[in-house]
Amino acid sequence: MRIAILFLMGLAFCLPISAQTIDNEQDFVGANCTSIMVGKKASADGSVIVSHTCDGRYRTWMTIEPAQNHKAGALHKVYKGTMQTAFPTDTHGVKLAGEIPQVAHTYAYLNTAYPCLNEKQLAIGETTFSGPDTLVNEKGMFMIEELERIALMRCTTAREAVQLIGDLVQQYGYGDGGECITIADKKEIWQMEILGEGPEKIGGIWAAQRIPDNHVGVSANIPRIGKMQRDNPEYFMASDNVEAVALKYGLWDGKEPFVFWKAFNSSYANGKNFREREFFILNALAPSLKLSMEMDELPFSVKPDSNVNVLKVIELFRSTYEGTDMDMLKNLKIVKKVKNEDGTFRNDTILSPIANPWMTTNALNTYNFLSDNAVTFQRTVSVAWCSYSHVIQLRDWLPDAIGGVCWISVDNPAESPRIPIFCGNSELPEAFNFCGQRKFNENAILWYYRPANKLATLAWKNTRKEIEKNVAHFEQKLTTDLPNLEKSVVEMQGKTTKINRLLNQYTSDFVEDTRKCWKDMEEKFWVRFGLGF
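To start, this report covers the structure provided alongside it. Predicted, not measured: the structure shown is a model, and the values here were computed from it.

Criteria and thresholds
Within every chain, residues take consecutive numbers counted from 1 along the sequence as written. Restriction of local features to residues with pLDDT of at least 70 applies here, the model being predicted, together with a cutoff of 80 or more for giving and counting side-chain atom pairs; totals for whole chains, interfaces and linings are based on all residues. Excluding hydrogens and water, the side-chain figures rest on all heavy atoms present in the structure. Numbering of helices and strands starts at the N terminus; helices are DSSP runs of H or I of at least 4 residues and strands are runs of E of at least 2. Relative accessibility thresholds used throughout: buried, under 20% of the residue-type maximum; exposed, over 50%; partly exposed, between the two (1.4 Å probe, protein chains only). Residue contacts are defined here by distance: any two heavy atoms, one from each residue, within 4.5 Å place the two residues in contact. Note on pairing: two strands pair once DSSP finds at least 2 bridges between them. Lines are fitted to the C-alpha atoms to define the axes, a helix being fitted only along its stretch in contact, and any angle between axes, read from their N-to-C directions, falls within 0 to 180 degrees. The working definition used for a salt bridge is a side-chain nitrogen of Lys or Arg within 4 Å of a carboxyl oxygen of Asp or Glu. Under this definition, polar contacts are N or O atom pairs within 3.5 Å; protein pairs additionally need one hydrogen-donor-capable and one acceptor-capable atom, and for neighbouring residues in sequence, both atoms have to be side-chain atoms. In this scheme Phe, Tyr and Trp rings, the latter by its six-membered ring, pair at centre separations within 6.5 Å, and the angle between planes marks the pair as stacked below 30 degrees, edge-to-face above 60, and tilted otherwise. Each ring is checked for a lysine NZ or an arginine CZ that lies within 6 Å of its centre and within 35 degrees of its normal; such an atom marks a charge sitting over the ring. If you view the pair so one helix is near and one far, a crossing is left-handed when the near helix is turned anticlockwise from the far one by less than a right angle, and right-handed when it is turned clockwise. Residues were grouped as follows: Ala, Val, Leu, Ile, Met, Phe, Trp, Tyr, Cys and Pro as nonpolar; Asp, Glu, Lys and Arg as charged; and all remaining residues, including Gly, as polar.

Notes on the side chain of Ser-382
Right, on to step 1. Inspection of the secondary structure puts Ser-382 in the loop between helix H8 (361–370) and strand S19 (386–394).
Right, on to step 2. By relative accessible area, Ser-382 is classed as buried at 0%.
Right, on to step 3. Apart from residues no more than four positions distant in its own chain, Ser-382 is found in contact with Phe-317, Arg-318, Ser-319, Thr-320, Trp-358, Asn-412, Pro-413 and Ala-414.

This is the structure:
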């Protein structure tokens, strides 16, 4: 009987918990992304850092879209449905939403599902907070990803991007649910939260608040902007209609002081401006504040106890709350006989070898059937259903081509390596041309890493050290290689084609090295677990 139960549990670990399978859907409505932000004076090296985990079944193909000059009178086509496509020219499910006047010149940018970085070191992260359904107006032209795209094509600063996006929303309408975009340049970061204006008007409402330079911030599917501060334009911007729309739709009584996150929150937030991810990340970076899950509200941003480097943000993206009260595995123990030095045996209680923090709904329900409250589900930062994630450094003391570096990974951010893509890349390796979400393709970047990751997950206690060793190896390799790469780019200033080739080749070689490593692990895991997990 025990063998049968363990076998079924093993199978149950093969598929991640998702919004489609979780019993309590409130735990997942709009809970699909995380963004961590680090201000210039809060970072260890003076860089500005912004990030994004794209959690959900979104496309994993990526391209570098080139800079272009456009003729007078040219139009830019705005689309809906681009995030589920299988390759760059796939038009299945894609619809033309409208056209807007094009500008004379557009910048090159990294075209991920949610476009994230341009050649001028402007970067964007994203998280969905949904907000009240009553404000959605699907007749609005722009989805959030298309607003990001146009900002990267046209802007060089975060402040400029906020204003452009606000103008586009007002003029052409916002057709998406509540979204937060975290917009950063070489100097500053802004957190911008956007919603529709309701079914009666094509437009939108928005507010944007700057993260202080010596602070860190986090967005994790809950609106975080509080009181409106229109008298402080250095740190705050907003559309003129925010309060009026909230009043019209009964989201604010007009008497209490207006608080943005309270007016436009969703059920996922449970009446607060945070849940487990916001608390864990801010508490990890500023433990001296003694934040707690019992608080009614967390600060919009906090000053970290010590300055934060890019590897710390990447580490936070691997978080599963291990060793905390929110650790989902704390009760998943087994008894193992251990031999003493004198030849006798003793019983030790250890973590089950098949316990992992990315268990499926089936696994969770099985554990809780065998023992009430064996596992209390938590929405961890790292999730098995992540499509891709990035941590972007923006550095004003270096040429743009090398100053902006996107540390990107596909699949589970706790198990996959980080690949460097620079502002100066003009192309990506062939593997980035294919999405692997709906069909197996050994040539797709997603499938370079997913087989080893999923095998490792099934017996996490026995595979974790090997995965983590190789992840750390490639992080250290990039950290070690960067100074020489930066020096080479500085020496090549003015030779754009040579810089492009250098960075393209570095990214390509890095991808190939990681592919071989993860393939080796996959083969080792198959041999190791040939008789079962």
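Following the structure, the description resumes.
Some words on the sheet that holds strand S21 (residues 419–422)
Sheet strands pair via backbone hydrogen bonds, and the direction of the pair is either parallel or antiparallel.
Right, on to step 1. Within the open sheet, the seven strands sit side by side as S16-S14-S1-S2-S19-S20-S21. Their pairing is antiparallel. Either end of the sheet is taken by a strand with one partner, and the two such strands are strand S16 (301–302) and S21.
Right, on to step 2. Relative to S16, strand S14 (residues 216–219) is paired through two bridges, and the arrangement is antiparallel. If you follow Gly-217 over to S16, its bridge partner there is Ser-301.
Right, on to step 3. Seen against the sheet, helix H10 (residues 445–458) touches S19, strand S20 (405–410) and S21 and runs at an angle of roughly 55° to S20.
Right, on to step 4. The strands that helix H11 (residues 460–491) touches are S20 and S21; relative to S20, the one it contacts most, it runs at about 155°.

With respect to the pattern of salt bridges
Right, on to step 1. Applying the stated rule across the entire model yields 28 salt bridges.
Right, on to step 2. A salt bridge links Arg-515 to Glu-512; the nearest nitrogen and oxygen atoms lie 2.7 Å apart. Of the two residues, Arg-515 and Glu-512 are both situated in helix H12 (residues 496–528); the distance of three residues between them amounts to about one turn of the helix.

Examining the side chain of Thr-360
Right, on to step 1. Along the chain, Thr-360 turns up in the loop between strand S18 (345–351) and H8.
Right, on to step 2. You can call Thr-360 buried: its relative accessible area is 4%.
Right, on to step 3. Only 3.3 Å separates the side chain of Thr-360 from the backbone nitrogen of Asn-362, close enough to count as a polar contact.

Some details on the packing of aromatic side chains
Both the distance between ring centres and the angle between the ring planes are used here to describe each pair of aromatic rings.
Right, on to step 1. In total, this model carries 16 aromatic pairs according to the counting rule given.
Right, on to step 2. One aromatic cluster is present, formed by Phe-422, Tyr-448, Tyr-449, Phe-474, Tyr-506, Phe-510 and Trp-518 through successive ring pairs.
Right, on to step 3. The ring of Trp-61 is capped by Arg-59, whose NZ or CZ atom sits 3.6 Å from the centre of that ring.

A short note on the packing of H10 against H12
Right, on to step 1. Where H10 contacts H12, the two axes come as close as 9 Å, and the packing angle between them is 30°. For the pair H10 and H12, the sense of crossing is left-handed. Contacts between H10 and H12 pair Ile-445, Tyr-448, Tyr-449, Pro-451, Ala-452, Asn-453, Leu-455 and Ala-456 from the former with Val-511, Thr-514, Arg-515, Trp-518, Met-521, Glu-522, Phe-525 and Trp-526 from the latter.
Right, on to step 2. A breakdown of the residues in the contact of H10 with H12 according to their chemical character gives twelve nonpolar, two polar and two charged.

Observations concerning the environment of Ile-408
Right, on to step 1. The residue Ile-408 is located in strand S20 in this model.
Right, on to step 2. With 20 residues separating them in the primary sequence, Ile-408 and Tyr-388 have C-alpha atoms 7.1 Å apart.
Right, on to step 3. Residues contacting Ile-408, with those up to four places away along its chain left out, are Met-62, Thr-112, Tyr-388, Ser-389, His-390, Pro-417, Arg-418, Ile-419 and Ile-421.

Quick notes on unusual backbone geometry
Right, on to step 1. Phi angles above zero are rare outside glycine, and Lys-290 is one such case at about 55°.
Right, on to step 2. With a phi close to 70°, Asp-411 is a non-glycine residue in the positive phi region.
Right, on to step 3. Assignment of secondary structure puts Asp-411 in the loop between S20 and S21.

Here's the deal with the pairing of strand S11 (residues 178–184)
Right, on to step 1. The buried fraction of S11 is high, at seven of seven residues.
Right, on to step 2. Judged by which residues are buried, S11 turns out to be covered on both faces: Gly-178, Cys-180, Thr-182 and Ala-184 on one side and Glu-179, Ile-181 and Ile-183 on the other are all buried.
Right, on to step 3. The pairing of strand S10 (residues 123–130) with S11 spans seven bridges and is antiparallel. Within the sheet, the bridge partner assigned to Ile-124 lies in S11 and is Ile-183.
Right, on to step 4. Of the strand pairs in this sheet, S11 and strand S12 (residues 189–195) are connected by six bridges, and their pairing is antiparallel. Across the sheet, Ile-183 pairs through a bridge with Trp-190, a residue of S12.
Right, on to step 5. Two successive antiparallel strands, S11 and S12, enclose a turn made up of four residues.

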